[in-house]
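Secondary and tertiary structure notes
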Amino acid sequence: PKKILEYLCFFLYNIVMNEHAQLIINTPEHCGNLLYATGYFCIDPIIFLGLPNKTYGFFPATEFEHAKQTARVDEKLDLTECLKQSMACGKNENKLKAGCVIDILRNNNISQIDVPEDFPIIEADFLRANGFSLNVIAEPFFKSRAIKTETEQEYIRQNSKLNSAVMAKVQHILECSTVNENN
């Protein structure tokens, strides 16, 4: 009975604490969630893995040194090296980026992964085949993105003023323009 009670408490704790990982595989250029999570912009695909107690960023070799200095994740890893290692040990014959996160997830006893709606299906299938459950999260993937910081609010104000000034110049150009037979 004591063991059953301990197991039940552990099970309920995991449900209540929502021990899920967050995983994004994309390019920050096309994915605001990835840019938000890592604070890093590039045109190459990268990986963000968020655990309850730590965040990871996997960056390609061409971006790794710069990412080590600027990315806002707890641990920065070389994606190119991680792919080589996962292929060398036979876990990832298809060079899937999701192969880089499996050991971290297993070492942290995480089997539930939250992914965004645009998560690559081939990566999702690979994770499912390796025993993970995926939860597709609708936008906003990070609820905190809906609340703007003071800095973000100031950027929005500055951008709005700049756009208004540009549109005023465009309006002035159009008002001064004429249309004739030649144009």
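Use the structure listed above.
Keep in mind the model is a prediction, meaning the values are calculated, not measured.

**With respect to the overall build of the protein chain**
- When you go through the protein chain residue by residue, the secondary structure sums to 7 helices and 6 strands.
- Per-residue burial for the protein chain yields a buried fraction of 33% across its 183 residues.
- Partitioning the contacts of the protein chain with sequence separation of at least 6, the portion at a separation of at least 24 is 47%.

**What about the environment of Cys82?**
- Note that Cys82 resides in helix H4 (residues 79-88).
- Judged by its relative accessible area of 16%, Cys82 is buried.
- Between the alpha carbons of Cys82 and Gly99 there is a distance of 8.3 Å; along the sequence they are 17 residues apart.
- Setting aside its immediate chain neighbours within four residues, Cys82 contacts Phe58, Leu77 and Cys100.

**Observations concerning the side chain of Ser86**
- In this structure, Ser86 sits in helix H4.
- Given the relative accessible area of 5%, Ser86 is considered buried.
- Polar side-chain contacts of Ser86 include one of 3.1 Å to the backbone oxygen of Leu83.

**Some remarks on the sheet that holds strand E1 (residues 21-26)**
- Taken together, 6 strands build an open sheet; the order of strands is E4-E3-E2-E1-E5-E6 and the sheet is mixed. A single partner strand is all that each edge strand has here, and the edge strands are strand E4 (75-78) and strand E6 (133-137). On average, each strand axis in the sheet is inclined to that of its neighbour by 25°, with strand direction left out of account.
- Where strand E2 (residues 46-50) and strand E3 (residues 55-59) come together, 4 bridges link them in antiparallel fashion. If you follow Phe48 over to E3, its bridge partner there is Gly57.
- Its contacts with the sheet place helix H3 (residues 61-70) against E3 and E4, and it is angled at close to 160° to E4.

**Here's the deal with the nonpolar core**
- Counting residues in each nonpolar core, the largest one holds 28 residues, and the members touching the most others are Leu23, Leu49, Phe58, Leu105 and Leu127.
- Contributions of two or more residues to this core are made by E1, E2, E3, H4, helix H5 (102-107), strand E5 (112-116) and helix H6 (121-129).
- Not counting residues up to four positions away in its chain, the partners in contact with Leu49 are Ala21, Gln22, Leu23, Lys54, Thr55, Tyr56, Phe58, Val101, Ile104 and Leu105.
- Core analysis: the second largest hydrophobic core is formed by 15 residues, Ile24, Cys31, Phe59 and Ala67 among them.

**Here we look at H3**
- Taken as a whole, H3 has its buried residues at Glu63, Phe64 and Ala67. Buried positions in H3, seen along its axis, are confined to an arc of 120° and lie on one side of it. Counted as exposed and oriented over 90 degrees from the buried face of H3: Glu65 and Gln69.
- Tucked into the core, H3 has its buried residues touching E3 and E4.

**So, the state of the cysteines**
- Tallying each qualifying case throughout the model produces 0 disulfides.
- The cysteine Cys82 is free of any disulfide, with Cys100 supplying the nearest cysteine sulfur at 4.7 Å.

**Concerning unusual backbone geometry**
- That bond from Glu139 to Pro140 is cis: its omega, -5°, falls within 30 degrees of zero.
- With respect to the helices and strands, Pro140 occurs in the loop between E6 and helix H7 (150-176).
- Of note in this structure, Asn109 is not a glycine but carries a positive phi near 55°.

Definitions and cut-offs
Residues numbered from 1 in each chain as written. Predicted model: local features only at pLDDT ≥ 70, side-chain atom pairs only at ≥ 80, totals over all residues. Heavy atoms only, no water. Helix = DSSP H or I, 4+ residues; strand = E, 2+ residues; numbered from the N terminus. Buried < 20%, exposed > 50% of the residue type's maximum accessible area, 1.4 Å probe, protein only. Contact = heavy atoms within 4.5 Å. Polar contact = N/O pair within 3.5 Å; in protein donor to acceptor, adjacent residues only side chain to side chain. Pairing = 2+ DSSP bridges. Axes fitted to C-alpha atoms, helices over the stretch in contact; angles between N-to-C directions. Core = buried A, V, L, I, M, F, W, Y, C linked by side-chain atoms within 4.5 Å. Arc of directions from axis to C-beta. Disulfide = S-S within 2.5 Å.

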